[in-house]
Amino acid sequence: MQNLVLEEYFKKDNFYKKVAEKVLNLEPLDFDSALKLYREGDLFFLGKLAKRLKEKIHGKKYYYTLNRHINYTNICNINCKFCGFHKRPGEKGGYTLSIKEIIKTLKTTPSLKEVHVVGGLNPELPYEYYIDLIKAIRENFPHIHIRAYTCVEIDWLSRISGKSIKDVLIELKEAGLNSIPGGGAEVFSERVRKELYPAKISAERWIEIAKTAHSLGIKTNATLLFGHIETEEEIINHLLKLREIQEETKGFYCFIPLAFIPENNELSYLPGPSAHQILKVIALSRIILNNFPHIKSYWVFLGIKLAQVALLWGADHFHGTVIEEKISELMKGEPVIKLPPAQIQRLIREIGGEPVEL
Ligand code: V47
């Protein structure tokens with residue numbers, strides 16, 4: 001590993017030069033080059049190329065927002081092995097928030113700009129709850145950005161209501177929904193799905209739902225859950241597939257590489273990804289997804305310190321203030337540390353960036 005300026009790498013290896021030319025011209029990388037880059041690429045080269053691309057797109061700007069997560073229920077009937085958040089229906093520790101409670105909670109943070117609403121697939125909740133929740137948030141907060149329900153929940157809503165994906169999305173949009181979060185994509189590999197989350201919708205279904213949302217003018221995010229049993233090839237295939245969809249629909253807004261947390265779940269015997277792997281995947285995401293507007297450094301899962309470093313490895317979006325988030329709280333056994341805007345701004349300025357509140 002050597003920490004050189006980007007152009008110095010070109011002199012050392014023509015492969016680096018060819019990759020950089022393609023990536024910075026916003027052209028796609030082929031599978032073999034992407035795999036070679038991930039396997040053999042120098043961590044600093046990846047970081048410098050990713051940051052150069054980030055600066056080509058966003059200059060010195062780094063984004064964040066005043067947001068809050070609402071995890072309305074942790075009761076879920078699909079039992080994904082990596083998840084430490086869910087409880088089976090009837091199991092001790094399960095909770096469901098009423099719409100009234102949620103609105104009361106949101107009212108405690110009047111400056112809120114965005115709310116992120118996700119939860120488990122709870123068989124006790126009727127279809128109307130999901131629609132009424134969005135309507136209630138919209139009524140009480142006319143200007144807030146509502147990012148709600150992953151493609152997995154949208155599929156569930158279609159199944160419990162008997163309505164098509166398109167009709168569910170139209171109804172949600174009419175209720176006030178603005179965009180869809182990126183969760184539930186996990187890894188687009190049938191092998192990993194069968195092994196870790198066999199009851200979850202397939203990659204094809206996740207993609208179909210994201211594309212349907214795009215066709216209705218609803219932006220969606222995308223994620224990759226990495227650092228568990230997936231192979232390097234599966235990571236590359238996942239990223240290339242997302243890039244291909246984005247070429248077609250232009251409907252993705254942000255990509256969030258989610259580093260696996262090996263705590264309080266059925267995969268706790270795994271070590272979890274190293275900082276080296278996390279930075280490499282974040283940089284690789286920026287490099288391969290050179291048609292995505294944003295790459296998020298999700299500090300809640302990464303930890304604030306590594307999330308700050310990720311801003312030098314190609315990420316441009318620091319997510320937001322969050323305030324409360326139950327997925328990591330139930331996995332790590334500790335509440336999310338609140339991150340006030342002034343602290344986010346300081347973290348961004350420290351790495352030479354210009355904080356921009358969205
Ligand atoms: O889909 C579950 C992941 C996701 C673990 O769209 C885990 O802006 C790591 O998608 N280790 C939900 N990850 C969170 C998510 C998200 C977060 C922030 C912003 C956005 C956005 C989306 O969390 C799940 C799953 O892939 N997850 N368990 C775990 N042990």
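An account of the accompanying structure is given in this report. What you see is a predicted model; the values in this text were computed from it and never measured. (Residues numbered from 1 in each chain as written. Predicted model: local features only at pLDDT ≥ 70, side-chain atom pairs only at ≥ 80, totals over all residues. Heavy atoms only, no water.)

Here we come to empty space enclosed by the protein. Scanning all chains against the criterion turns up one cavity of 30 Å³ or more. Space inside the largest cavity adds up to approximately 740 Å³. If you trace the largest cavity, you find 40 residues lining it, with T150, G183, G184, E186 and I327 closest to the centre. Among the secondary structure elements, those contributing two or more residues to the lining of the largest cavity are helix 7 (151-161), strand 6 (219-226), strand 7 (252-259) and helix 15 (326-332). Tallied by class, the residues present in the lining of the largest cavity amount to 20 nonpolar, 15 polar and five charged. (1 Å grid on protein atoms, 1.4 Å probe; cavity = no way out; pocket = protein on both sides within 12 Å on 5 of 7 lines; lining within 4 Å. Points joined across faces, edges and corners; volume = space filled by probe spheres on them. Helix = DSSP H or I, 4+ residues; strand = E, 2+ residues; numbered from the N terminus. Nonpolar A, V, L, I, M, F, W, Y, C, P; charged D, E, K, R; others polar.)

Attention now goes to the packing of aromatic side chains. Under the counting rule described, the total for this entry stands at 16 aromatic pairs. Summarising the aromatic geometry, the rings of F15 and Y16 are spaced 6.3 Å apart at their centres and angled 45 degrees between planes, so their arrangement reads as tilted. A relative accessible area of 17% means that F15 is categorised as buried. Look at Y129 and Y130: their rings are 5.8 Å apart centre to centre, the planes differ by 85 degrees, and that puts the pair in the edge-to-face class. (Phe/Tyr/Trp six-rings, centres within 6.5 Å; stacked < 30°, edge-to-face > 60°. Buried < 20%, exposed > 50% of the residue type's maximum accessible area, 1.4 Å probe, protein only.)

Pairing in this open sheet of three strands is parallel, and the strands run 9-1-10 from one edge to the other. In the strand order of this sheet, the two ends are held by strand 9 (317-320) and strand 10 (354-357), each with one partner. Averaged over all neighbouring strand pairs, the angle between strand axes comes to 25 degrees, with direction disregarded. Bridging between strand 1 (residues 61-65) and strand 10 involves four bridges; their strand directions are parallel. Residue pairing for strand 10: Y63 is matched across the bridge by V356. Sheet contacts for helix 16 (residues 341-350): strand 1, strand 9 and strand 10; angle to strand 1, the most-contacted strand, approximately 160 degrees. (Pairing = 2+ DSSP bridges. Axes fitted to C-alpha atoms, helices over the stretch in contact; angles between N-to-C directions. Contact = heavy atoms within 4.5 Å.)

Opposite charge on two side chains lets them pair, provided their charged atoms get close. In this structure the tally under the stated criterion is 22 salt bridges. Put simply, R205 and D155 hold a salt bridge, and the shortest N to O gap is 2.7 Å. On the criterion of sequence distance, the pair formed by R205 in helix 10 (residues 203-215) and D155 in helix 7 is long-range, its members being 50 residues apart. Since its relative accessible area comes to 4%, D155 is described here as buried. E234 is the partner of R191 in a salt bridge, and the nearest nitrogen-oxygen pair spans 2.8 Å. Taken as a pair, R191 in helix 9 (residues 190-196) and E234 in helix 11 (residues 232-249) lie far apart in primary sequence, 43 residues in all. The exposure class of E234 is buried, given its relative accessible area of 12%. (Salt bridge = Lys/Arg side-chain N within 4 Å of Asp/Glu carboxyl O.)

What follows covers the packing of helix 11 against helix 12 (residues 275-288). It is at 10 Å that the axes of helix 11 and helix 12 come closest, and there the two elements cross at 30 degrees. It follows from the interaxial angle that helix 11 and helix 12 lie roughly parallel. Handedness of the helix 11/helix 12 crossing: right-handed. Contact residues: I235, I236, L239, L240 and R243 in helix 11; Q277, V281, L284, S285 and I288 in helix 12. In terms of residue class, the contact of helix 11 with helix 12 is made up of seven nonpolar, two polar and one charged. (Parallel < 35°, antiparallel > 145°, perpendicular 65-115°, else oblique. Left-handed = near helix turned anticlockwise from the far one by under 90°.)

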